[in-house]
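# Summary of structural features
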Amino acid sequence: MPHPRNPGVELDVDWVNSSCVNLPSIERRAASHKVRRSIKMEWQAAWYLRAVTCIDLTTLSGDDTESNVKRLCFKAKAPIRRDILKKLGVEDKKITTGAVCVYPSRVKDALKHLKGTGIPIASVAAGFPAGQTPMEQRLEEIRYAVGEGATEIDIVITRPLVLGAKWQELYDEVKAMREACGEAHLKTILATGELGTLTNVYKASLVCMMAGADVIKTSTGKEGVNATFPVAITMLRAIREFHDRTGYKVGFKPAGGIRAAKDALAWLAIMKEELGDDWTKPDLFRLGASSLLGDIERQLYHCAFGRYAAGHQLALA
């Protein structure tokens, strides 16, 4: 990352407990966002390409094999067809996805097929997706993934700690996971759909950032409710307050249910509006998605050639 990592700060329980979310205001802001913001046609291609560079191209299936990961890595290295890039005049930009995200057992496969590219390898860990395994096993899974070559670790927090307002225990948990990551960057999944209230989401965001999270993430993608704009606005404003108070920048990653190219534009727009341009780049913003890239490539084909491609013309992600 071009900016200094968030080293974490001491837990400030008074700050956490004094935090409160204005639900009607957040809901109004979220409801108005997608209808009042649009990207004009001449700028859409650039925004789509920026979105591609922020995607964590993901496969988290029980039947993942090396061939699945190899295909994913190939797509990460060349996410957009060369003729599309040439037509748009950006064939020299070396566009790749933000990272490839896999299970710990598949990290070595990703390392093999991404060698020399500089594309980060992310791994879920720490009892993903439920986070209900014993702490020592969760830490060992993190250390295993890092040892295999992962440069980013997506961990899950223990949701009952948030629901019970056990902020010291949550802080200690995330801090221990940060230490287990070493030089690998820590992305902390809040599983916001299971936290009950937006105030809980805000408080959990603060505690995770205090404990040293490099990125806070909405969801595992496995919950009933995943990335929503009310949740995003809540987390983004926690990031802004943390930055204002400490000077440390923390990234954001929405995940789950983001499939359409127009949704990617809406996410980029809200990052720009709430936090500024720095948070529209892959070191501070990621999109957790497995099928989004296909629709973005389809829209870029339209931007380049003035018509939509047939399904068989674009490679599967």
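Presented here is a report on the structure given in the accompanying data block. Predicted model, so just to flag it, every value in this text is computed and none were measured.

At a closest axis distance of 9 Å, the pairing of helix H7 (residues 135-148) and helix H9 (residues 167-181) adopts a crossing angle of 30°. Here H7 is positioned roughly parallel relative to H9, judged by the angle of their axes. Judged by the sense of rotation from one axis to the other, the crossing of H7 with H9 is right-handed. Contacts from Met135, Arg138, Leu139, Ile142, Arg143 and Val146 of H7 reach H9 at Glu173, Ala176, Met177, Ala180 and Cys181. Here the contact of H7 with H9 is composed, by residue class, of 8 nonpolar, no polar and 3 charged.

Ranked by internal contacts, the top residues of the largest apolar core, which has 100 residues, are Ile142, Ile153, Leu170, Phe252, Trp267, Leu287 and Ile296. Excluding residues that lie within four positions of it along the chain, Trp267 makes contacts with Ala227, Thr228, Phe229, Ala232, Phe252, Pro254, Ile258, Phe285 and Leu287. Counting 7 residues, the second largest nonpolar core, distinct from the first, contains Ala122, Val124, Val156 and Ile189.

On to the packing of aromatic side chains, then. A complete count under the given rule lists 5 aromatic pairs for this structure. Arranged with centres 6.3 Å apart and planes meeting at 10°, the rings of Trp15 and Phe242 form a pair that is stacked. Taken together, the residues span a long stretch of sequence, with Trp15 in helix H1 (residues 13-18) and Phe242 in helix H11 (residues 229-246) at a distance of 227 residues. Exposure class is identical for Trp15 and Phe242. Each is buried. Relative to Trp267, the ring of Phe252 has its centre 6.4 Å away and its plane inclined at 35°; by these criteria the two rings are tilted.

Bringing the side chain of Asn200 into the picture now. Along the chain, the position of Asn200 falls in helix H10 (residues 198-210). Under the relative-accessibility criterion, Asn200 is labelled buried at 17%. Within polar-contact distance, the side chain of Asn200 engages the backbone oxygen of Leu195 at 2.8 Å. Setting aside residues no more than four positions away along its own chain, Asn200 makes contact with Val162, Leu163 and Leu195.

Right, let's talk about the pattern of salt bridges for a bit. If charged atoms from side chains of opposite charge come close, those side chains can pair. Applying the stated criterion across every chain, the model contains 26 salt bridges. Of the charged contacts, one joins Asp278 and Lys249 as a salt bridge, the two residues approaching to 2.5 Å between their closest N and O atoms. Here the residue Asp278 occupies a position in the loop between helix H12 (261-275) and strand E8 (287-289), and Lys249 occupies one in the loop between H11 and strand E7 (251-253), the gap between them amounting to 29 residues. Overall, Lys249 belongs to the partly exposed group, its relative accessible area being 22%. For the salt bridge of Arg298 with Asp295, the shortest nitrogen-to-oxygen distance reads 3.9 Å. Note that Arg298 and Asp295 are positioned in helix H13 (residues 292-305) at a spacing of 3 residues, about one turn of the helix. One connected set of salt bridges, linked through shared partners, spans Asp56, Glu152, Asp154, Lys187, Lys217, Lys253 and Arg286.

Among the 5 residues that make up strand E3 (residues 121-125), 5 are buried, leaving the element largely enclosed by the rest of the structure. The side-chain alternation of E3 yields two buried faces, one formed by Ile121, Ser123 and Ala125 and the other by Ala122 and Val124. Across 3 bridges, strand E2 (residues 99-102) lies against E3 in parallel orientation. Bridging across to E3, Val100 finds its partner in Ile121. Note on the crossover from E2 through helix H6 (residues 107-113) to E3: the handedness is right-handed. Of the pairings in the sheet, the one linking E3 to strand E4 (residues 152-156) comprises 4 bridges and is parallel in character. For Ser123, the partnering residue across the bridge sits in E4 and is Ile153. As for the winding sense of the linkage, the β-α-β connection from E3 through H7 to E4 is right-handed.

A few words now on helix H4 (residues 66-77). Look at H4: 16 Å from first C-alpha to last across 12 residues, which is about the 16 Å you get at 1.5 Å a residue. Looking at the buried residues of H4, the elements they touch are strand E1 (55-58), E2, H6 and H13.

Among the structural elements, Gln299 can be located in helix H13. With residues near it in sequence (within four places) discarded, Gln299 still touches Tyr48, Ala261 and Tyr308.

Parameters at a glance
Residues numbered from 1 in each chain as written. Predicted model: local features only at pLDDT ≥ 70, side-chain atom pairs only at ≥ 80, totals over all residues. Heavy atoms only, no water. Axes fitted to C-alpha atoms, helices over the stretch in contact; angles between N-to-C directions. Helix = DSSP H or I, 4+ residues; strand = E, 2+ residues; numbered from the N terminus. Parallel < 35°, antiparallel > 145°, perpendicular 65-115°, else oblique. Left-handed = near helix turned anticlockwise from the far one by under 90°. Contact = heavy atoms within 4.5 Å. Nonpolar A, V, L, I, M, F, W, Y, C, P; charged D, E, K, R; others polar. Core = buried A, V, L, I, M, F, W, Y, C linked by side-chain atoms within 4.5 Å. Buried < 20%, exposed > 50% of the residue type's maximum accessible area, 1.4 Å probe, protein only. Phe/Tyr/Trp six-rings, centres within 6.5 Å; stacked < 30°, edge-to-face > 60°. Polar contact = N/O pair within 3.5 Å; in protein donor to acceptor, adjacent residues only side chain to side chain. Salt bridge = Lys/Arg side-chain N within 4 Å of Asp/Glu carboxyl O. Pairing = 2+ DSSP bridges. Right-handed = clockwise from strand over helix to strand, strands pointing away. Expected span 1.5 Å × (residues − 1).

Such coordinate-based values are descriptive only and should not be taken to indicate function.
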